[in-house]
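A structural walkthrough
So the chains spell out like this:
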Amino acid sequence: MKKVLFATTALIATASVAAADVRISGYGRFGLDYNDANDRAVNGVSKTTITSRLRLQFDMSAETDAGVAFDARFRAQAESRDNTPGGAAFNGARFGVSYQGFRVNVGNIIGAVENMPGTYLETRTAGIGIDGASFYSHVGNVNNEFFNWDAYSSAGTGVNGVEFIYSTGGFTGHVSYSTRNGAVASDRIGVMGAYTFGDWTIAAAHQSSDAMWEDKTLVSVAGDLGQFGVRLAYADNDGISKWGIYGNMDIGSASNLLVFYTDESAVDAADVLAGRGDNRDNVAGSNANEGGSYGIHYSYDLGGGASLEAGYRRASNDNDTFQAGVYFSF
Amino acid sequence: MKKVLFATTALIATASVAAADVRISGYGRFGLDYNDANDRAVNGVSKTTITSRLRLQFDMSAETDAGVAFDARFRAQAESRDNTPGGAAFNGARFGVSYQGFRVNVGNIIGAVENMPGTYLETRTAGIGIDGASFYSHVGNVNNEFFNWDAYSSAGTGVNGVEFIYSTGGFTGHVSYSTRNGAVASDRIGVMGAYTFGDWTIAAAHQSSDAMWEDKTLVSVAGDLGQFGVRLAYADNDGISKWGIYGNMDIGSASNLLVFYTDESAVDAADVLAGRGDNRDNVAGSNANEGGSYGIHYSYDLGGGASLEAGYRRASNDNDTFQAGVYFSF
Amino acid sequence: MKKVLFATTALIATASVAAADVRISGYGRFGLDYNDANDRAVNGVSKTTITSRLRLQFDMSAETDAGVAFDARFRAQAESRDNTPGGAAFNGARFGVSYQGFRVNVGNIIGAVENMPGTYLETRTAGIGIDGASFYSHVGNVNNEFFNWDAYSSAGTGVNGVEFIYSTGGFTGHVSYSTRNGAVASDRIGVMGAYTFGDWTIAAAHQSSDAMWEDKTLVSVAGDLGQFGVRLAYADNDGISKWGIYGNMDIGSASNLLVFYTDESAVDAADVLAGRGDNRDNVAGSNANEGGSYGIHYSYDLGGGASLEAGYRRASNDNDTFQAGVYFSF
């Protein structure tokens, strides 16, 4: 679904256009979001609102005579949640150099933990429903520290890091690094390895951070068995463990049904005793999102890049959401 | 003048590209604005300044196998008025689904009242001069409540509404709805109907709003008689009535001359007695923009999407503006 | 490397597409910046950081039947310096009308002084290294008043001015004007003339401003002698004189090496005595950037629009920077 803008001369002569181009792609998705955390009397928001996103992505590239490829990307993304629409703004840029199986990115990097297979749902939104429903399905999201790892930011500037990715055969290795300004360096280092053999993919990732609560280790195993997909994932999130089980199946030629269940442990008592519980709303043996989350998602392919998407999930904090709508890419 | 970016494969193979694309279009307009409300000694702005706008619009679309079309739109628009230039920012996105004569939009909707034929001027700017000159020509703009109906916002996020439009033969019907966050629902509902028979189009629209001064009813009749165009419009704006008469004629093969006159009533005495006059700068039998507005506009087609545009208008608040410049679309 | 989006019909019929189009182009550049002014203990920034920019430029145009061309431009540019990444935002728009050798621009104008040949370095960044290293190499940048002339702004809205440019044969003449809002007019007027004969180009420019420290006169002479380039430039910056000598040479088929030296005088004693020294950090016979700056830059062309760029410069305020990275256009 990618678009390519050919150099002028390409259409009127035979000169190569591989050297440099701009590709424009993206997607739109919109639908209704029922969220029982919303209530006009409480937070001024109706229980049912429009949720939507329009993403327009620009991918630029150039290739040297020796076959080294340079590329860069940014996005402009308009989003509406809880009846609060936003105008699109460009995010931070990611720059890359690649040659054969090697790639180096700088800027708004992907991040090693973020890039690990077997962590996001096998849906178009990578979560439940139309907007992902807060991604309780991800084993790295625990307590009040969601997405506390280096990851490509679609709406912000990202972490301004650097990363190295190498792929060969079924193997991918990934190392990422970022640092924050300040009198004392606060760094994040991520490493990830994944291997696909036949229908199965195993993966593991680790982030080591100078900031509290950000050290984490994740492992996953996923099988893509034709009509069925099965997956297990586990993460130790700096003392809070979370595991998940996931399954999906094709129904007929156009439908897919997905279910998941995750279970999150209390904060490790040792961490609390060590005085590390301050900035979490927790006590020993408890945390805000402790317990089970589950969800179900249905997708129907309409052809031409469009599909119907609907999903329900109950989060471990007892929040219920149901979303249904459409998704189309271009 | 629309541009379409074809999918890569379309140029090198025979695969269909109807499924999904991105179109880029827009316009630029710039010229001089004489405005007697400006005065360096009073507001620090010269009486004559540059007025300009550059609009770049992105239209994305996809079509399902069954012929249902999905689309989305946003714009980035840079504008300068009163010698205060602004950088362009994307506005809120509008999403649509259409099938044969039916269309549903969500997000930054058009709005039923906004979409009514016979309300804006028959010029490229839809008003007088280069930037519309505040659109005193529109019968829905009265007193200090201009554009107080649901309408597509080019510079903001819009109302995050939903609307249904149906067209068949010469008929168009339109219903729009939006709500604002808050402890109590504040909604706007708009309805519009228009019918074209031969050279004539009649239209009517109504907005019912929970906010003060926003209930309004508009009617118009317009004739496109070859060389000549004539139009009448009337609106009851929650107690303030305004009518307008409009005419334009082609001169030779490239020129068009347009004139208009509108007359706005005082605030209805009953409204003021009922204590509804608080947030208007009015007293019984008076309002800030009461009385007549008139204007004249001249356009000369330069070919290739470009034209010269010039217009003068005197607003009912005695403000004079004269603007002249160029307009080109791409 | 420019891209053109053809009108839809152009690809399926023979209709002319000269009338109106949108071109997309730009560049990416990223690398490492060593700057001895940075220090975690002092300003929280590592001495070595990532410096990067991604520029996406939109050029719109239309042409009348009589051959008058209208055009407009804006850019979205994401930039990271000192480990502080920014999202891209559109800058102010520039509009133009051109016919044969004449051109009129309004809005975010180029500016007569900015457009003078022989003032910026003959490198892809127009300065030293990856991000220009503050452009100490420009003879118009003195003391604490860098870029105090009307110039196209890539990250802001620019000056909202108007300019006239005429080119014929080897001659270019340029007059620019801008004014700021306020009770008293504060204007800038710029004039520039340049002439190329054979391998040599001579140029001069002057800015007259109502703001302090902004009157300036620049002259340059540059020779492009095949393998070698030589250049001299001089400016009187409202009492501070600065001259520069520049040389570059091709090495083999893909490399170029450039060196420069500039020398900046103290503030003129008469200016200080006249009480004009207030808003400069200077005393009679001294200024913050007095003295010599020098630098060296190396470029290696990789083909396909990509190159390696590396440069060192020592500024007259004793700041050292060294930058190395890549640059690619699309």
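Residues numbered from 1 in each chain as written. Chains lettered and ligands numbered in written order. Predicted model: local features only at pLDDT ≥ 70, side-chain atom pairs only at ≥ 80, totals over all residues. Heavy atoms only, no water.

Looking now at the overall build of chain A. Secondary structure assignment for chain A yields three helices and 19 strands. Looking at chain A as a whole, 54% of its 330 residues qualify as buried. Expressed as a percentage of contacts within chain A between residues at least 6 apart in sequence, the contacts between residues at least 24 apart total 52%. For chain A, the exposed surface amounts to about 12700 Å²; the carbon and sulfur share of it is 59%. (Helix = DSSP H or I, 4+ residues; strand = E, 2+ residues; numbered from the N terminus. Buried < 20%, exposed > 50% of the residue type's maximum accessible area, 1.4 Å probe, protein only. Contact = heavy atoms within 4.5 Å. Areas by Shrake-Rupley, 256 points an atom, 1.4 Å probe, with all protein chains shown as cover.)

Attention shifts here to the relation of the copies chain C and chain A. Laying chain C over chain A is done by rotating through 120° and shifting 0.0 Å along the axis; what remains is an RMSD of 0.0 Å. Taken together, the rotation and translation describe the operation of a three-fold axis. Take the interface residues of chain C: only 15% of them recur as interface residues in chain A, which is what a contact between different surfaces looks like. (Least-squares fit on C-alpha atoms with pLDDT ≥ 70 in both.)

Turning our attention to the interface of chain C and chain A. Accessible area lost upon the coming together of the parts is a frequently used measure of interface size. Between chain C and chain A, the residue contacts involve 40 residues of the former and 41 residues of the latter. The contact between chain C and chain A buries some 3100 Å² in all, and 71% of this surface belongs to carbon and sulfur atoms. Scanning the region where chain C abuts chain A turns up zero salt bridges. For the pair chain C and chain A, the number of links is 11 residue pairs in polar contact (both at pLDDT 80 or more). If you tally residues by element for the side of chain C that touches chain A, the top one is strand E3 (residues 48-63) of chain C, at six residues. Tallied by class, residues from the side of chain C that touches chain A come to 22 nonpolar, 11 polar and seven charged. (Buried area = accessible area lost by both parts, 1.4 Å probe. Salt bridge = Lys/Arg side-chain N within 4 Å of Asp/Glu carboxyl O. Polar contact = N/O pair within 3.5 Å; in protein donor to acceptor, adjacent residues only side chain to side chain. Nonpolar A, V, L, I, M, F, W, Y, C, P; charged D, E, K, R; others polar.)

Right, let's get into the interface of chain C and chain B. In this assembly, 41 residues from chain C lie in contact with 39 residues from chain B. For the pair chain C and chain B, the summed buried area comes to about 3100 Å², and 71% of that belongs to carbon and sulfur atoms. Connecting chain C to chain B are zero salt bridges. If you look at where chain C meets chain B, you find 11 residue pairs in polar contact (both at pLDDT 80 or more). Looking at the side of chain C that touches chain B, the elements with two or more residues in it are helix H1 (8-12), strand E2 (20-35), E3, strand E4 (69-81), strand E7 (94-99) and strand E10 (171-180) of chain C. Taken together, the residues of the side of chain C that touches chain B sort by class into 22 nonpolar, 13 polar and six charged.

Between chain C and chain B, the superposition needs a rotation of 120° and an axial shift of 0.0 Å, giving an RMSD of 0.0 Å. The overlap is low: 12% of the interface residues of chain C also sit at the interface in chain B, so different surfaces are used on the two sides.

Let's shift gears to a nonpolar patch on the surface. Residue and element names in this part refer to chain A. A cluster of nonpolar side chains, contributed by Phe102, Tyr166, Phe171, Tyr195, Phe197, Trp200, Ile202, Leu225, Phe228 and Val230, occupies part of the molecular surface with about 880 Å² of accessible area. Looking at the nonpolar patch, the elements that each hand over two or more residues are strand E11 (186-197), strand E12 (200-209) and strand E14 (228-237). Looking at where valine 230 falls in the secondary structure, it is placed in strand E14. (Patch = residues over 30% accessible without salt bridge, like charges linked within 9 Å, V, L, I, M, F, W, Y side chains within 5 Å.)

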